[in-house]
Amino acid sequence: MVDIEKALERIKTVVGPRGWIADPAEQEPYLVEARRLWRGATRLVIRPASTEEVAAVVRTCAEARVPIVPQGGNTGLVGGGVPPEDGRNIVLALGRMNRIRAIDPVNFTMTVEAGCILAHLHEAAAEVDRLFPLSLGAEGSCQIGGNLSTNAGGIAVLRYGNTRELTLGLEVVLPDGRIWDGLRGLRKDNTGYDLKQLFIGGEGTLGIITAATIKLFPKPREIETALLGLSRVEDVMALFARARAATGDQLTAFELIPRAALDLALVHIPGTIDPLAQPHPSYVLLEMASSGTESGLRALLERLLETALEQELIGDGVIAGSSQQAKQLWHIREAIVEAQLYSGSIKHDVSVPVSRVADFIIRATTGVTDRLPGIRPMAFGHVGDGNIHFNLTQPEGADTAAYLARWQEFNDIVHGVVRELHGSISAEHGVGRLKREEITHYKPAVEIELMRRVKRALDPANIMNPGKLVSL
Ligand code: FAD
Ligand code: ZN
């Protein structure tokens, strides 16, 4: 086996002086997870500039058995992208690999390097009159390699699918340092196992994604945004079914915002507006888009809302009159997430069949409030995909540390309801360190065993992000 010190020196030579960071102060942003739940340590942060450099680094790591943590924008919420505390892993950050290699507007595809920031891909697609629809709160800093590795969801899944559905091909550096060029831009390719799907959502445990060919779509010409006030979560889901049936593929987002979360945002986040004259227990932020002009989208939305008002499904609502107003409404959606940082919050990112969302929220709310009166459930998010961010804010005035110490107790209650409704305990954020043990209680034993076998088959030396996603 190659001596570790020698291996680290060789890696530094491969990437050159701009490609490594050993100074602890400069390493800081690479060591701390977005919610500050984990702080890791490392000897070296490596920032390669090309696929060949990644391959050479990984080959050296494989020979010396140095574990690698791939990292994109470090916005992940489950501790997957930060190194463990023991300092044995190197961090391999893809940020310098940020070239758009090719755009093919006729094929509706774009081939991009892993370190491209998501928002930059939106701009590049728009320049050729196309849309790359993946959209999430962290889009200004997350990278496409991280999005692929977490199979990110976000606010446009309803219409366009998760990152998985947006991907046609990948280039991957395997754990032994070989490069797999799977950058195909094909809509049809039935030539065996679809290997890219292992790396998408693989959280860096099977290889390092260095580039991808992703799908583009026609750019929307008309967008309508509305914010509606409702009394009951059952009505929210009834409205969803009606809106989807009436508008088909034109419904692009359907987000739930509870009043309790809006109240927190109004206190803590500047620029948040109280959008309707009277408060309502629940709000829906709805977006529709059409790639045709004069599509009649506005009239369709107005008809939908008029009928819903007449039938008392919704209490009140506002349709954005300008893109500026639409931005204000979307600001509420982002502000409710940020506002929860100001108190102790126990998080859940779960999904159930869309038809069971209301049932889930009612049952889980009863479960947690019975256990701790005064607890403040904030059920919000992408309910049109069956995805609920079921966050539990501490009772007012409670001791934060003592409250957060009960994290597992509340996970058990909430995940128990998820199990009853045949849902998932991680809808879009992934597993990482946070849920690595938890998933073993919720997935069939056969599935966990198959995951371990895949991991061992591709990464027998266990150097790719060890200790994340799957425990061996
Ligand atoms: P990182 O955090 O750096 O890494 C995530 C995982 O991928 C780690 O396990 C890492 O090892 C691995 N990885 C990174 N790059 C590579 C690579 N090139 N090859 C192999 N493995 C790699 N997520 C959603 O799904 N939907 C949302 O709506 C959403 N909203 C968010 C809002 C905010 C404000 C924040 C802070 C986060 C949000 N997230 C959301 C979570 C996060 O942004 C996503 O998981 C995102 O896809 C992570 O991308 P990243 O580049 O930051 O990856
Ligand atoms: Zn989300």
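Above this note sits the structure.
Keep in mind that this is a model prediction, so the values were computed, not measured. (Residues numbered from 1 in each chain as written. Chains lettered and ligands numbered in written order. Predicted model: local features only at pLDDT ≥ 70, side-chain atom pairs only at ≥ 80, totals over all residues. Heavy atoms only, no water.)

Details of the overall build of the protein
Note the threshold: Put simply, DSSP H or I for four residues or longer makes a helix, DSSP E for two residues or longer makes a strand, and each gets a number counted from the N terminus. We compute the radius of gyration over the C-alpha atoms and compare it with the globule rule, which gives 2.2 Å times the number of residues raised to the power 0.38. Exposure is judged per residue with a 1.4 Å probe applied to protein chains only, and the accessible area is read against the type maximum: over 50% gives exposed, under 20% gives buried, and values in between give partly exposed. The contact rule is simple, with two residues in contact once any of their heavy atoms fall within 4.5 Å.
Looking only at helices and strands, the protein has 15 helices and 19 strands in total. Over its C-alpha trace the protein gives a radius of gyration of 23 Å, about what one expects of a compact globule, namely 23 Å for 472 residues. Seen along its three principal axes, the alpha-carbon backbone of the protein occupies a region of about 75 × 55 × 45 Å. Across the 472 residues in the protein, those meeting the buried criterion constitute 52%. Within the protein, contacts between residues separated by at least 24 positions form 72% of all contacts whose residues are at least 6 apart in sequence.

Section: unusual backbone geometry
A positive phi angle, near 55°, is found at E203, a position not held by glycine. Note that E203 resides in the loop between α7 (196-199) and β10 (208-215). Look at E203 and you get buried, because its relative accessible area is 9%. At H422, a position not held by glycine, the phi torsion is positive, near 55°. For H422, the position within the fold is in the loop between α14 (407-420) and α15 (445-458). The exposed category is assigned to H422, whose relative accessible area is 67%.

Re the packing of aromatic side chains
This is how it is decided: Put simply, two rings from Phe, Tyr or Trp (the six-membered ring, in Trp's case) pair if the centres are within 6.5 Å, and we call them stacked under 30 degrees between planes, edge-to-face over 60, tilted for the rest.
Overall, the coordinates contain five aromatic pairs when judged by the stated rule. Note on F360 and F390: the rings are 5.4 Å apart at their centroids and 75° apart in plane angle, and the pair reads as edge-to-face. Within this pair, whereas F360 is found in helix α12 (residues 357-371), its partner F390 is found in strand β19 (residues 387-393), the two being separated by 30 residues in sequence. Per residue, the accessibility class of F360 equals that of F390, and both read buried.

A short note on empty space enclosed by the protein
The cut-off we apply is this: Definitions used throughout: a 1 Å grid over protein atoms alone; a cavity as a set of points that fits a 1.4 Å probe which cannot get out; a pocket as an open set with protein on both sides within 12 Å along at least five of seven lines; a lining residue as one with an atom within 4 Å of a point. Grid points are joined across faces, edges and corners, and a volume is the space filled by probe spheres set on the points. Throughout this entry, Asp, Glu, Lys and Arg are counted as charged residues, while Ala, Val, Leu, Ile, Met, Phe, Trp, Tyr, Cys and Pro are counted as nonpolar. The remaining residues, Gly among them, count as polar.
One pass over the structure, following the stated rule, counts one cavity of 30 Å³ or more. As a volume, the largest cavity reaches approximately 30 Å³. Forming the walls of the largest cavity are G154, I155, L158, A253, F254, E255, H382, G384 and D385. Broken down by element, the residue count for the lining of the largest cavity peaks at three residues, all from strand β13 (residues 251-258). For the lining of the largest cavity, the class distribution of residues is four nonpolar, three polar and two charged.

Describing the coordination of the zinc ion (ligand 2)
Going by this rule: Water is absent from the atoms considered, so a metal site may look incomplete; donors are defined as N, O and S atoms within 2.8 Å of the metal, or 3.2 Å for Na, K and Ca.
Distances from the zinc ion (ligand 2) to its protein donors, namely H382 (NE2), H389 (NE2) and E428 (OE), fall within the range 1.9 to 2.2 Å. Counting the intervening residues between successive donors of the zinc ion (ligand 2) yields the motif H-x6-H-x38-E. Taken together, the positions of H389 in strand β19 and E428 in the loop between α14 and α15 put the pair 39 residues apart, joining distant regions of the chain. E428 carries the same exposure label as H389, and that label is buried.

Remarks on the packing of helix α8 (residues 233-247) against α12
Applied cut-off: Axis lines are fitted to C-alpha atoms, over the contacting stretch for helices. Their N-to-C directions set the angle, which ranges from 0 to 180 degrees. When an angle is under 35 degrees it counts as roughly parallel; over 145 it counts as roughly antiparallel; between 65 and 115 it counts as roughly perpendicular; any other value is oblique. Crossing chirality is assigned from the near helix's rotation relative to the far helix, an anticlockwise turn below a right angle marking it left-handed and a clockwise turn marking it right-handed.
In contact at an axis separation of 8 Å, α8 and α12 are set at 165° when each is read in the N-to-C sense. With respect to their mutual orientation, α8 and α12 come out roughly antiparallel. When the axes of α8 and α12 are compared, the crossing they make is right-handed. Only V357, A358, I361 and I362 of α12 make contact with α8, whose side of the interface consists of V233, E234 and M237.

Digging into the side chain of T272
Basically, it comes down to this: In protein, a polar contact requires one atom able to donate a hydrogen and another able to accept it; more generally it is a pair of N or O atoms within 3.5 Å, and residues adjacent in sequence count only if both atoms are side-chain atoms.
Assignment of secondary structure puts T272 in the loop between α9 (259-268) and β14 (282-290). Of note is the side chain of T272, whose polar atom sits 2.7 Å from the backbone oxygen of I269. Apart from the residues within four sequence positions on either side, T272 is in contact with L262, A265, L266, H331, I332 and A335.

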